[in-house]
Every structure is written in structure tokens, then in C-alpha cells.
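Summary of structural features
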Amino acid sequence: MDRYPRTEDRPVNESLSPRHPVLFRLYYAAVILGAVSCMLLAPPSTAAPSPWFLAGALALLLVSEFTPIALPGGGYATASTVFDLPLLLVVGPFWTAALDIFATVVVQGVVLRKPMVKVLHNAAIFSLGYFAAAAAFTAVGGRIGALAFPADALPLLACGVVYFIVNSACVSVVLGLTTGPSPWRIWQRNFQQGILHHLSFVALGALVAVVYFNAGPWGLVLFGLPYLVARYSFQLYVEIKSDLKDFVRTLTEVLEEVDPYTRHHSVRVSDYAVRLARGLRRPEREVEEIEYA
């Protein structure tokens, strides 16, 4: 929900000047404080995994972090839910969050040199999503470190749904406070329209967990190709949406270049039409169609 599918998407806007400074600071402080509290106050639900297990899990998370997919409404997502969800069910939220925080700091902070405010935010919302999903899993009767299917189908469903909701909500809120429009419209454009793609990664992650508990680590090799295909299909879906808008914009600019007076006229009209449509509270899917028209 970045990391979404991680569904996940999970960024902070490139600009460090939020549209709503006070609300942004309150939100940011709440997210960071919540994540720190979870890490400090919630004890690990399982014993420390072996170093080899941690190294393998960290390698998978690092690979997924290096291949983000830009979302049409801003931000980006990765397909790491396929790794995060099984890791969460095997070793619990504490160790999953610890590995993900390390991977986020290394890739986004050290390699990509993103602003620390973004790195900390992304690490924090991952952690909150893990602890919330684990709480939902255990509340419905699941047990971290053990999985019986189909007996645990309901806990798995609760875990995946909560994971998606928390992650997508945090991404939408921070984009709404920094770039606009409203968080609800950001959620509609980024997640509602492609919700089947996002949820498919949650389902694949749950399937990976089932195979791991029944066939062991070597069973995960079977998911290499499905993971790559699923990620590629999601990337194509996002790129097609982006390419369509770029094509329409480029076409209008070419047609209007013949007269300096009308240059960028269609772009301005499109912007006004989008503002009016949102002012009339039209659904974001309809707003997007109006923008293209």
C-alpha cells in the first residue's frame, strides 16, 4: 500500500514545503512517535531468527527497494508485500520492521540520498503497517510463527486488509498534505482504481507464507517467476496510464505551437476543468476522464 503493493506505495513529496504546514507537522510527529513506541514497547513475538535467515530476508527487501514504480497520483510503490507479509507471519512485526528500517535507510538515505524527513517517514509507516497487521492477525485467532491453512484463512485476510489500509492511508494523507489534492482523492487515484493489482500482491504474499510453513524456504523459489510477472504487469498498468496523459498533453502542445496566442491553452483549460469537477465533488475516476477530454 510504495511500497504497495506494498500496496505498497509510501513517499513524502519531493518538495519539503507542505501545503498544510501545521497539519503536516502533527501528522509527521504522530507517525514517528507511533512507530518508535511500537518498536520500544512491543516485545518481539518470536525468538531472534538465525543470521542466515535475516541476511536472506534483508537481501530480498533491498532488491525490492531498488525497483520502485511511480504512482499516477504521486509517490511510488514496490512489490515488496510479497516478501513483507510472509516475513511478518514468520518472525513477527518487530524483526520485520527492523529489517525494513535498515533497508529503507540504506537504499533511500545512503544510496538515493533522499531527504531524511522522507526516509524517516517511510520507515515509520512501514513499521506501523506491520504492527497493525500483526495485531489484526492475532486478534482474529492467528499465531505468529505458525500457520495452518485453511484454518487461518480469516486471520490471513484480516492481516492483509489492515496492512493495505494502513499503508495506503498513510501514503494518501502525506501526499494530500504536501502536494494535494485531498487525501481521499489521492487514495482514489493511486489505490482505488488499481485496487485489484494492489490486493493481488497481498494475496501472493499470503500464498508465499502458506508455502513457507508447509514446504520450507526452498518452496519460495517457486514464486520467483510469478513475482516478476506480477510486478511487471503492475508496472505496465501504471506506465500506460502515465503515457496516455503524456501523449494527450504532447499532442495538444504540437497543435497549439502554430499560434503563440493559444500556446498551452488546452493545458490551462484542463486544469480549470479538473478544479471545477473536484469542486462539484465528482469521483476521481470521472475527474481523470474530464482531464483527458
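Parameters at a glance
Residues numbered from 1 in each chain as written. Predicted model: local features only at pLDDT ≥ 70, side-chain atom pairs only at ≥ 80, totals over all residues. Heavy atoms only, no water. Axes fitted to C-alpha atoms, helices over the stretch in contact; angles between N-to-C directions. Helix = DSSP H or I, 4+ residues; strand = E, 2+ residues; numbered from the N terminus. Parallel < 35°, antiparallel > 145°, perpendicular 65-115°, else oblique. Left-handed = near helix turned anticlockwise from the far one by under 90°. Contact = heavy atoms within 4.5 Å. Nonpolar A, V, L, I, M, F, W, Y, C, P; charged D, E, K, R; others polar. Core = buried A, V, L, I, M, F, W, Y, C linked by side-chain atoms within 4.5 Å. Buried < 20%, exposed > 50% of the residue type's maximum accessible area, 1.4 Å probe, protein only. Expected span 1.5 Å × (residues − 1). Arc of directions from axis to C-beta. Patch = residues over 30% accessible without salt bridge, like charges linked within 9 Å, V, L, I, M, F, W, Y side chains within 5 Å. Areas by Shrake-Rupley, 256 points an atom, 1.4 Å probe, with all protein chains shown as cover. Salt bridge = Lys/Arg side-chain N within 4 Å of Asp/Glu carboxyl O. pLDDT = per-residue confidence, 0-100.

Notes on the packing of helix α6 (residues 153-178) against helix α7 (residues 183-192)
- Direction vectors running N to C along α6 and α7 enclose 120°, while the axes themselves pass 8 Å from each other. As the angle between them shows, α6 and α7 are arranged oblique. Our pair here, α6 against α7, has a crossing hand that is right-handed. For the pair α6 and α7, the contacting residues are Phe164, Ser168, Val171, Ser172, Val173, Leu175 and Gly176 in the first and Pro183, Ile186, Trp187, Asn190 and Phe191 in the second.
- Its residues placed into classes, the contact of α6 with α7 shows eight nonpolar, four polar and no charged.

Regarding the nonpolar core
- Counting 60 residues, the largest nonpolar core has Tyr27, Val82, Leu88, Leu99, Ile125 and Cys159 as the members making the most contacts within it.
- Ignoring anything within four residues of it in the chain, the contact list for cysteine 159 reads Leu85, Leu88, Leu89, Ala133, Ala136 and Phe137.

Remarks on the environment of proline 283
- Residue position: proline 283 is located in the loop between α10 (265-279) and α11 (284-292).
- When the C-alpha positions of proline 283 and arginine 185 are compared, they lie 8.1 Å apart, and in sequence the two are 98 residues distant.

Some details on helix α2 (residues 51-65)
- Helix length check: α2 (15 residues) gives 21 Å between terminal C-alpha atoms against 21 Å at 1.5 Å per residue, within 8%.
- Turning to α2, its buried residues are Leu54, Ala57, Leu58, Leu61, Ser64 and Glu65. All buried residues of α2 lie within an arc of 120° about the axis, which places them on one face of the element. Turned more than 90 degrees from where α2 packs its buried face, Trp52 and Val63 sit exposed.

Focus: a nonpolar patch on the surface
- A contiguous nonpolar surface patch, about 420 Å² in accessible area, is contributed by Phe66, Val105, Val110, Val111 and Leu112.
- Inspection of the secondary structure puts phenylalanine 66 in the loop between α2 and β1 (69-70).

Here we look at the confidence of the model for the protein chain
- Residues with a pLDDT of 70 or more make up 85% of the protein chain, whose mean pLDDT is 79.
- A low-confidence stretch, residues 1-16 stays under pLDDT 50, and its non-local contacts, those more than four residues away or across chains, total 116 contacts.

Examining the packing of helix α1 (residues 21-41) against α6
- Contact geometry of α1 with α6 gives a least axis separation of 9 Å together with a crossing angle of 155°. As judged from the angle between their axes, α1 and α6 are roughly antiparallel. Read as a crossing pair, α1 and α6 show a hand that is left-handed. Residue-level contacts link Leu23, Phe24 and Tyr27 of α1 to Cys170, Val173, Val174, Leu177 and Thr178 of α6.

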